Amino acid sequence: MRYIIPVSIQDNVSAILSDLPPGVSLVAAVKSRTPEEIQEAVAAGVAIAGENFVQEAEAHRKGVGGGISWHFIGHLQKNKVKKAVNLFDMIQTVDSVELAAEIDRRAAVAGRVMPVLIEVNSGDEAAKSGVLPGECEALVRTIAQFKRLKVMGLMTMGPAGSDAEGLRPCFRETKRLFERIRALDIPSVEMKYLSMGMSDSYRVAVEEGANMVRIGTAIFGERQKA
Ligand SMILES: *Cc1c(COP(=O)(O)O)cnc(C)c1O
C-alpha cells in the first residue's frame, strides 16, 4: 500500500519564502500538480508557476485562473512554440538560434515580445539541453538581434543526480558567465535573472548568486512515480 504523507502546501511555501533572501524570486515547478494544489501555493504567496509541458500548462491556466505569471522551464519543441508564445510570460530554456528564430517568428505573429532566459549546460554533459558555457556569449549576441525576444538572463539545471554540493561548481561557473555577459552591455539584453537551484539545491544556488529558484517537491511533496 501507499502511504500519503500529508503536506501543507501553504506551510511549505511560507517556509521557503521566509528562507529566501530579499530579491530572490520563487518559481513553483508545477509539473504533474493539480490546479487546486497550484491555487493553494498561489494563496500562500507564489507569484510564478514554472511549467515543463505546453499541454499541461493549458489545463493549468484554465483551472488556476489569474494572479500569477507563467514561465516555461521544460524542453521546448519547435512545434509547440506557437502555443507557448500565447501561454507564457517567460521562456527560461532557449538554447539554440533555431528555437529563438521560431519564437521570434511566432511572437511577431502574436504581436508581442517574449522575455527569455538562455539555458546553460553548465555540467558540460553530452546530449543534454542547454548551450555550452563557451558558446553562450555568441548565442546571446545572436539572439539579441531578434526583435521579438528579450534576453533577461540565464538558467541552468546542472548535472542530474548530483547533490547540492556537487552542483556548487556549476552554479558558480554559471554566475561567473552571467556577470561576464552582463558586463558586456549588449544592446537590448538585460541580464537580470539567474535561475538556478531546485528543492535539494536552492540554498547552495542562492549562496552562489541565484536570484530565481525553481522548486517543486519542497512545495508540493514527492511527485507520484508513473
Ligand atoms: C521539476 C523541475 C524543477 C523542480 O524540481 P524539484 O526537485 O521538484 O524541486 C526545477 N526546474 C526544472 C526545470 C524542473 O523540471
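See the structure printed just above.
What counts, and at which threshold
- Residues numbered from 1 in each chain as written.
- Predicted model: local features only at pLDDT ≥ 70, side-chain atom pairs only at ≥ 80, totals over all residues.
- Heavy atoms only, no water.
- Helix = DSSP H or I, 4+ residues; strand = E, 2+ residues; numbered from the N terminus.
- Expected span 1.5 Å × (residues − 1).
- Buried < 20%, exposed > 50% of the residue type's maximum accessible area, 1.4 Å probe, protein only.
- Contact = heavy atoms within 4.5 Å.
- Near = heavy atom within 4 Å.
- Polar contact = N/O pair within 3.5 Å; in protein donor to acceptor, adjacent residues only side chain to side chain.
- Nonpolar A, V, L, I, M, F, W, Y, C, P; charged D, E, K, R; others polar.
- Pairing = 2+ DSSP bridges.
- Right-handed = clockwise from strand over helix to strand, strands pointing away.
- Core = buried A, V, L, I, M, F, W, Y, C linked by side-chain atoms within 4.5 Å.
- Axes fitted to C-alpha atoms, helices over the stretch in contact; angles between N-to-C directions.
- Parallel < 35°, antiparallel > 145°, perpendicular 65-115°, else oblique.
- Left-handed = near helix turned anticlockwise from the far one by under 90°.
- Arc of directions from axis to C-beta.
- Lys, Arg positive; Asp, Glu negative; His and termini not counted.
- Salt bridge = Lys/Arg side-chain N within 4 Å of Asp/Glu carboxyl O.

Draft legend 1. Structural detail: helix α7 (residues 164–184). An ideal rise of 1.5 Å per residue puts 30 Å on 21 residues; α7 measures up with 30 Å between its terminal C-alpha atoms. Among the residues making up α7, those that are buried are A164, L167, R168, C170, F171, T174, L177, F178 and I181. On its buried side, α7 packs onto β5 (114–120), α6 (133–143), β6 (149–156), β7 (193–195) and α8 (202–207).

Draft legend 2. The site of the ligand, seen in detail. If you check the shell around the ligand, you find 13 residues, and the closest are K31, N52, S199, G216 and T217. Within the backbone of G216, one N or O atom sits 2.8 Å away from an oxygen atom of the ligand. Measuring from an oxygen atom of the ligand, one finds a side-chain N or O atom of R223 at 3.0 Å. For the shell around the ligand, the per-class residue count stands at 6 nonpolar, 4 polar and 3 charged.

Draft legend 3. Focus on unusual backbone geometry. With phi around 55°, D185 is a residue other than glycine that occupies positive phi space. Positive phi outside glycine occurs at S188, with the angle close to 70°. Positionally, S188 belongs in the loop between α7 and β7.

Draft legend 4. Here's a closer look at the pairing of strand β4 (residues 90–94). Extensive coverage of β4 is indicated by the burial of 5 of its 5 residues. Strand direction decides the pairing type here: strand β3 (residues 69–72) and β4, joined by 2 bridges, are parallel. Looking across to β4, one finds that F72 is bridged to I91. Read as a crossover between parallel neighbours, the route from β4 over helix α5 (residues 97–110) to β5 is right-handed.

Draft legend 5. Fine view of the nonpolar core. Membership of the largest hydrophobic core comes to 65 residues, with the highest contact counts inside it found for I103, I118 and I219. For this core, the element with the most residues is α7, which contributes 6 residues. Once you skip the residues sitting within four places of it in the chain, I103 turns out to touch L76, V81, V85, I91, V94, M114 and L149.

Draft legend 6. Region of interest: the packing of helix α2 (residues 35–43) against helix α3 (residues 54–64). Contact geometry of α2 with α3 gives a least axis separation of 9 Å together with a crossing angle of 60°. The angle between the axes of α2 and α3 places the two elements in the oblique class. Between α2 and α3 lies a crossing whose hand is right-handed. Where α2 abuts α3, its residues P35, I38 and Q39 lie against H60, G63 and V64. For the contact of α2 with α3, a count of residues per class yields 3 nonpolar, 3 polar and no charged.

Draft legend 7. Fine view of α6. All of the buried residues along α6 are C136, L139, V140 and I143. Buried residues of α6, viewed axially, fall in a sector of 100°; they line one side. Buried residues along α6 sit in contact with β4, α5, β5, β6 and α7.

Draft legend 8. Spatial organisation of the side chain of R214. Tracing the backbone through its elements, the reader meets R214 in strand β8 (residues 212–215). Buried charged residue R214 carries no salt bridge. Nearest counter-charge: E119, at 7.1 Å. At 3.0 Å, the side chain of R214 and the side chain of S195 are in polar contact. Here R214 is in contact with V27, I73, Q92, M155, T156, M157, S195, M196, G197, M198 and S199, once residues within four sequence places are set aside.

Fair warning: the whole summary comes from geometry, so function is off the table for now.
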